[in-house]
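# Tertiary structure, described
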Amino acid sequence: MPDVESKKLQMVDLVTQYQSIKKEIDETVLHVLESGQYILGKAVEDFEKACASYLGVKHAIGCASGTDALQVGLMALGIKPGDEIVTTSFTFVATTETIVLLGGVPVYVDIDPKTFNIDPARIESAITKRTKAILPVHLYGHPCDMDPIRELSQKYGIPIVEDAAQAMGAEYKGKMVGGIGAVGAISFFPSKNLGAYGDGGMVVTNDDRLAELIRMITIHGSRIRYRHEILGVNSRLDALQAAILSVKLKYLDMWNKARRSSAEIYTRLLSGRDVVTPSEDEYAHHIFHQYTVRLKHRDAVARVLASKSIPHAIYYPIPLHLQEAFKSVGKPKGSLPITEQATEEVLSLPMHSELAEDQQRSVVDHLLRAVEQSKSVS
Ligand SMILES: *Cc1c(COP(=O)(O)O)cnc(C)c1O
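Each value, and the rule that gives it
Residues numbered from 1 in each chain as written. Predicted model: local features only at pLDDT ≥ 70, side-chain atom pairs only at ≥ 80, totals over all residues. Heavy atoms only, no water. Buried < 20%, exposed > 50% of the residue type's maximum accessible area, 1.4 Å probe, protein only. Helix = DSSP H or I, 4+ residues; strand = E, 2+ residues; numbered from the N terminus. Pairing = 2+ DSSP bridges. Core = buried A, V, L, I, M, F, W, Y, C linked by side-chain atoms within 4.5 Å. Domains from an automatic or database assignment. Near = heavy atom within 4 Å. Polar contact = N/O pair within 3.5 Å; in protein donor to acceptor, adjacent residues only side chain to side chain. Areas by Shrake-Rupley, 256 points an atom, 1.4 Å probe, with all protein chains shown as cover. Contact = heavy atoms within 4.5 Å. Buried area = accessible area lost by both parts, 1.4 Å probe. Salt bridge = Lys/Arg side-chain N within 4 Å of Asp/Glu carboxyl O.

## A few points about helix H8 (residues 239-249)
Within H8, nine of the 11 residues are buried, leaving the element largely enclosed by the surrounding structure. Turning to H8, its buried residues number three or more, namely Ala-239, Gln-241, Ala-242, Ala-243, Ile-244, Leu-245, Val-247, Lys-248 and Leu-249.

Written out as structure tokens, the structure reads:
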């Protein structure tokens, strides 16, 4: 069988997507360049409005990245040194990094092995007097089971901060994620489902007071120029990125639909084989930021795929509670067995809105052969 055209097949294909909307993007970029308004201004306001309306939230405040969106959200909630935040260890580093930067303590609970998201049934026993937030992550684009988390949030009066960096357009029981908790954080990193052509992020909330705080924090803690009321940061969405994102937002549902179709194709091609395909819970509208399977002998399979230049990735190989950077707040190996097992078994396949079925067939052929091969060596 001929090898995959490895030049074209990639984990994400940002250039092909750009080509499909090049005219609109180029026009809007030029328009911003000619406007002279490069920080905040109309392009950012327009995109914030469009984003709030898309997500069904009252307020959307642009910032410089998804990481900043998390940090600013936590700052607005008043997270102080020693405050505990109940969260997941099976996620991108930013989720814990922002907590620790503010002096907070991540309190990790294990995940649901089916969705890879925080297991709501394990949250309550992790709550203490010092718990100041619950921080679920909608990993890979699959929403967390939010109702039980909301019940706990209400019962204990603890706000929810949603990390929706991978889940723009995902729905929980028909409601867009990001706007379900007190604060939601979105990332526009280029490879995310709604990606800018640079860094960008958004904090969303339905709470007027929090919205005002968030807005102030992103501009050095000030409402009136040179008057600084609270401690802030410099974290704004570029006008150029906002204008680009306004164009791209119109296509997001179409692109998410394309991802879902590609996911269906993978799942069909992999059914009945020694590969655990991703599931979609009945409450979920999954947007497949990643298509992530579970495998025995994952590392052996990954080595075979690498030797054939078949794109694949491991999100994430080391859980955050075992990361060197978070030693002071970590947990011993073995303390989160489901998370740790996931880090040993997950493998993500190429996934983007431009994926072609023949490329997927080729990926699956190589994957299945690698699975067979790794069985015989181990
Ligand atoms: C990408 C990502 C972030 C951070 O977003 P940036 O825009 O890259 O700063 C945070 N959390 C999760 C789960 C992510 O995937």
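## Things to note about the pairing of strand S1 (residues 59-63)
Counting buried positions along S1 yields four of five residues, so the element is predominantly enclosed. Where S1 lies against strand S9 (residues 201-205), five bridges are found, and the strand directions are antiparallel. Across the sheet, Ala-60 pairs through a bridge with Val-204, a residue of S9.

## What about the nonpolar core?
Counting residues in each nonpolar core, the largest one holds 44 residues, and the members touching the most others are Phe-47, Leu-55, Ile-123, Met-168, Phe-188 and Met-202. Elements supplying a minimum of two residues to this core: helix H3 (42-55), helix H6 (146-156), S9 and H8. With six residues, the single largest contributor to this core is H3. Counting only domains with at least three residues in this core, you end up with domain 1 (16-109 + 117-249) and domain 2 (252-377). One finds Ile-61, Leu-74, Ile-99 and Ile-338 within the second-largest nonpolar core, a separate group that totals 34 residues.

## Quick word on the site of the ligand
By nearness alone, 15 residues border the ligand, and Gly-66, Thr-67, Asp-163, Ser-187 and Lys-192 come closest of all. Within the backbone of Gly-66, an N or O atom sits 2.8 Å from an oxygen atom of the ligand. Asp-163 places a polar side-chain atom, nitrogen or oxygen, 2.8 Å from a nitrogen atom of the ligand. When the ligand sits alone it has 380 Å² of accessible area, and the protein chains cover 94% of it. Within the residue set of the shell around the ligand, elements represented by two or more residues are helix H4 (66-76) and helix H5 (94-101).

## Notes on the domain arrangement of the protein chain
For the protein chain, the assigned domains are domain 1 (16-109 + 117-249) and domain 2 (252-377). Domain 1 puts 38 residues into the contact, and the matching count from domain 2 is 33 residues. Taken over both partners, the interface formed by domain 1 and domain 2 buries close to 3100 Å², and the fraction arising from carbon and sulfur atoms is 64%. The largest per-residue losses of area from domain 1 upon contact with domain 2 belong to Phe-90, Tyr-140 and Asn-193, which jointly make up 25% of the total buried on that side. At the surface where domain 1 touches domain 2, the tally comes to zero salt bridges.

## Concerning the side chain of Arg-298
When you line up the elements, Arg-298 lands in helix H10 (residues 298-307). A polar contact is formed between the side chain of Arg-298 and the backbone oxygen of Glu-344, at a distance of 3.4 Å. Once residues lying within four places of it in the same chain are set aside, the contact partners of Arg-298 are Ile-314, Thr-343, Glu-344, Glu-345, Val-346 and Leu-347.

## Structural notes on the sheet that holds strand S7 (residues 175-176)
Pairing within the open sheet is antiparallel, and its three strands lie in the order S7-S6-S12. Edge positions in the sheet fall to S7 and strand S12 (284-285), since each of these pairs with one other strand and no more. As paired elements, strand S6 (residues 171-172) and S7 share two bridges and run antiparallel to each other. Across the sheet, the residue bridging to Glu-171 is Met-176, located in S7.

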